[in-house]
Amino acid sequence: MGLFSATAIVMGSMIGSGIFIVSAEMSRTLQSPALLIAAWLVTAVMTIIGALSYGELAAMMPKAGGQYVYLRESLGPLWGFLYGWTLFLVIQTGTIAAVGVGFGKFLGIFFPSIGTTNWIWHIARVPAWHVGPMVLGNMDLGINTANLAAIAIITLLTVLNTRGVKMGAAIQNLFTSAKVLALAAVVFVGIVVRDPQAIAANFGAGWKNFWAGSGWHALHPSQPGGTEMVGILTLIAVVQVGSLFSADAWNNVTFTAGEIRNPKRNLPLSLTIGTGVVLLLYILCNFVYLSVLPMAGDPHGTTVLARGIQYAQEDRVATAVMERAFTGYGARLMAVAILISTFGCANGMILAGARVYYAMSRDGLFFKSVGTLSEKSKTPVNSLWVQWAWTCLLCISGSYGQLLDYVIFAVLVFYILTIIGLFVLRRTKPDAARPYRAFGYPVLPGLYIVMASFICLVLLRYKPQYTWPGLILVLLGVPVYLVWRRRGVVPVASTETAGT
């Protein structure tokens, strides 16, 4: 894969369905147009700093496995395994399942028989189980037409990716180009179709309404309808669950490092270009939302304008914008864009995730068969099918959405640990070849660690239902790691590169 394909993996893995929906929930918490944009700017700054920092690690260690390898080399094999364990258990497979079911839901706009309530085989309903701040269970087991559609596209994409990285990259290039054009179209619509009522409500004369409630000393409820008041920095940290998740998976390209031409140049470039373009589009999209729909809305409103951004039907803000611009068929236009987006996102994550389990297997920390390459396609076919099996099980279990809520915090912790690893490697391997050095080191990587740590502390305090379960899932990997270690570990230096 060349630079274009690598950049397509970055962008394609980032752009799923989040940008089209999370601004609704964020708006209900933030209650201020300026704070909404500020929250996305924080996400942009953190993601770009993260990408610039990962660029050094990627150029230094262009091996299959990416972040798993960086953690293993800098902090030790346990930390690499815990990342790979969480990635396989939930982060990668759960996201693929969620994206796949999202594809099925939007396919239902064109084929009404496809939906999460249309059961083919309903096995059981698992009741909610309250454990402190956590809510476990509360899900349906079985096969409905939406998760069947998800399983179908996950199977199709897995089959295509077993035929070689060039096939997977070609699909990724096509669908990433399409989804970027779809986002650009939403931005263009916002430039052409500007609603005077929305402009007046969200901006006002001299942008007075835009800045309302965003002063340094302003206090807001920590959650909609809550009574606990917090400052704007804490509030912005609370809503990062939505925006950071929407911008996540940019690191997936590092998993495929062994199959990228001239990785010491193309990996850092793809990370920088991909994250920069996507985040610019994300921020512009939020300005579009504010120019077409009022931020404040009525949950019982009967029109898209009355419901506003906060209460867009099923949180589908982008769909509401397109419906406002193209009455009667806007929702279908947006559905096509989201189908393209989710299909491409699933492909990128399927292609990338399998390379991590391959690398873990080469280290003796996963099933031995997963660490082999197909003689014909030179791809980790067994790894792809193991990933497929677990992802399909998550689709049927209905647990993927809840599990993803639980690991947002854990994902951020692993980003912090990886960037700490950058500092460690500068000290322990000062003479190692570094074709690219992290821009702004040590200030920018240090700033990332401070910002991300602050968000983690805030989430521990104000979103315990998202944080403690994530930590538990990670820590469950410790005894599993010890079991794998007893079975015998391939020396770290023997890890091969997929595709070579």
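Residues numbered from 1 in each chain as written. Predicted model: local features only at pLDDT ≥ 70, side-chain atom pairs only at ≥ 80, totals over all residues. Heavy atoms only, no water.

A. Region of interest: helix α20 (residues 464–475). With twelve residues, α20 extends 16 Å from end C-alpha to end C-alpha; this agrees with the ideal 16 Å at 1.5 Å per step. Residues of α20 that are buried include every one of P464, Y466, T467, P469, G470, L473 and V474, and no others. (Helix = DSSP H or I, 4+ residues; strand = E, 2+ residues; numbered from the N terminus. Expected span 1.5 Å × (residues − 1). Buried < 20%, exposed > 50% of the residue type's maximum accessible area, 1.4 Å probe, protein only.)

B. How the structure looks around empty space enclosed by the protein. According to the stated counting rule, one finds one cavity of 30 Å³ or more in the structure shown. Considered as a void within the structure, the largest cavity measures approximately 150 Å³ in volume. Surrounding the largest cavity, 15 residues form its lining, L244, D248, V411, L412 and Y415 being those nearest its centre. Among the elements of the structure, α3 (33–60), α11 (240–246), α18 (400–428) and α19 (443–462) are those that each provide at least two residues to the lining of the largest cavity. Among the residues forming the lining of the largest cavity, the class breakdown is twelve nonpolar, two polar and one charged. (1 Å grid on protein atoms, 1.4 Å probe; cavity = no way out; pocket = protein on both sides within 12 Å on 5 of 7 lines; lining within 4 Å. Points joined across faces, edges and corners; volume = space filled by probe spheres on them. Nonpolar A, V, L, I, M, F, W, Y, C, P; charged D, E, K, R; others polar.)

C. Examining the layout of surface pockets more closely. A volume near 280 Å³ is recorded for the second largest pocket. Lining the second largest pocket are A38, V42, M46, W216, I232, L233, I236, A237, Q240, M451, F454 and I455. Secondary-structure elements contributing two or more residues to the lining of the second largest pocket are α3, α10 (232–238) and α19.

D. Structural detail: the nonpolar core. Ranked by size, the top nonpolar core spans 158 residues in total, and within it L30, Y282, Y289 and L412 carry the most contacts. Among the elements that make up this core, the one with the highest residue count is helix α16 (residues 330–362) (17 residues). Contact partners of L412, with chain neighbours within four places excluded, come to M46, L244, Y448, A452, I455 and C456. (Core = buried A, V, L, I, M, F, W, Y, C linked by side-chain atoms within 4.5 Å. Contact = heavy atoms within 4.5 Å.)

E. Representation of a nonpolar patch on the surface. A cluster of nonpolar side chains, I120, W121, I123 and L148, forms an exposed patch at the surface whose accessible area comes to about 420 Å². A total of three residues in the nonpolar patch trace back to one element, the largest contributor, which is strand β1 (residues 119–131). Structurally, I120 can be placed in strand β1. The exposure class assigned to I120 is exposed, which follows from its relative accessible area of 53%. (Patch = residues over 30% accessible without salt bridge, like charges linked within 9 Å, V, L, I, M, F, W, Y side chains within 5 Å. Areas by Shrake-Rupley, 256 points an atom, 1.4 Å probe, with all protein chains shown as cover. Salt bridge = Lys/Arg side-chain N within 4 Å of Asp/Glu carboxyl O.)

F. How the structure looks around the side chain of T391. The residue T391 is located in helix α17 (residues 381–397) in this model. One polar contact links the side chain of T391 to the main-chain carbonyl oxygen of Q387, over a distance of 2.7 Å. Setting aside its immediate chain neighbours within four residues, T391 contacts T93, I96, A97 and I154. (Polar contact = N/O pair within 3.5 Å; in protein donor to acceptor, adjacent residues only side chain to side chain.)

G. Here's a closer look at the pattern of salt bridges. Here the structure, examined in full by the defined rule, presents ten salt bridges. A cluster of three or more residues bridged by salt bridges with shared partners is formed by R72, E73, D363 and K429.

H. Looking closely at the packing of α19 against α20. Across the interface, α19 lies against α20 with an axial gap of 6 Å and an inter-helix angle of 110°. Regarding the angle of α19 to α20, the classification is roughly perpendicular. Counting all contacts with α19, which are made through L459, L460, R461 and Y462, the residues of α20 involved are P464, Q465, T467, W468 and L471. The residue inventory of the contact of α19 with α20, partitioned by class, reads six nonpolar, two polar and one charged. (Axes fitted to C-alpha atoms, helices over the stretch in contact; angles between N-to-C directions. Parallel < 35°, antiparallel > 145°, perpendicular 65-115°, else oblique.)

I. Broad picture of the environment of M139. Checked against the element boundaries, M139 lands in strand β2 (residues 134–144). Residue M139 is classed as buried on the basis of its relative accessible area, which comes to 18%. In sequence terms M139 and G398 are 259 residues apart; their C-alpha atoms lie 5.8 Å from each other.

J. Seen up close, the packing of helix α5 (residues 77–107) against α17. Where α5 contacts α17, the two axes come as close as 9 Å, and the packing angle between them is 65°. In this structure, the crossing between α5 and α17 has a hand that is right-handed. Here F88, L89, Q92, T93, G94, I96, A97 and V101 of α5 come into contact with α17, specifically with V386, Q387, W390, T391, L394 and C395. When grouped by side-chain class, the residues that make up the contact of α5 with α17 number nine nonpolar, five polar and no charged. (Left-handed = near helix turned anticlockwise from the far one by under 90°.)

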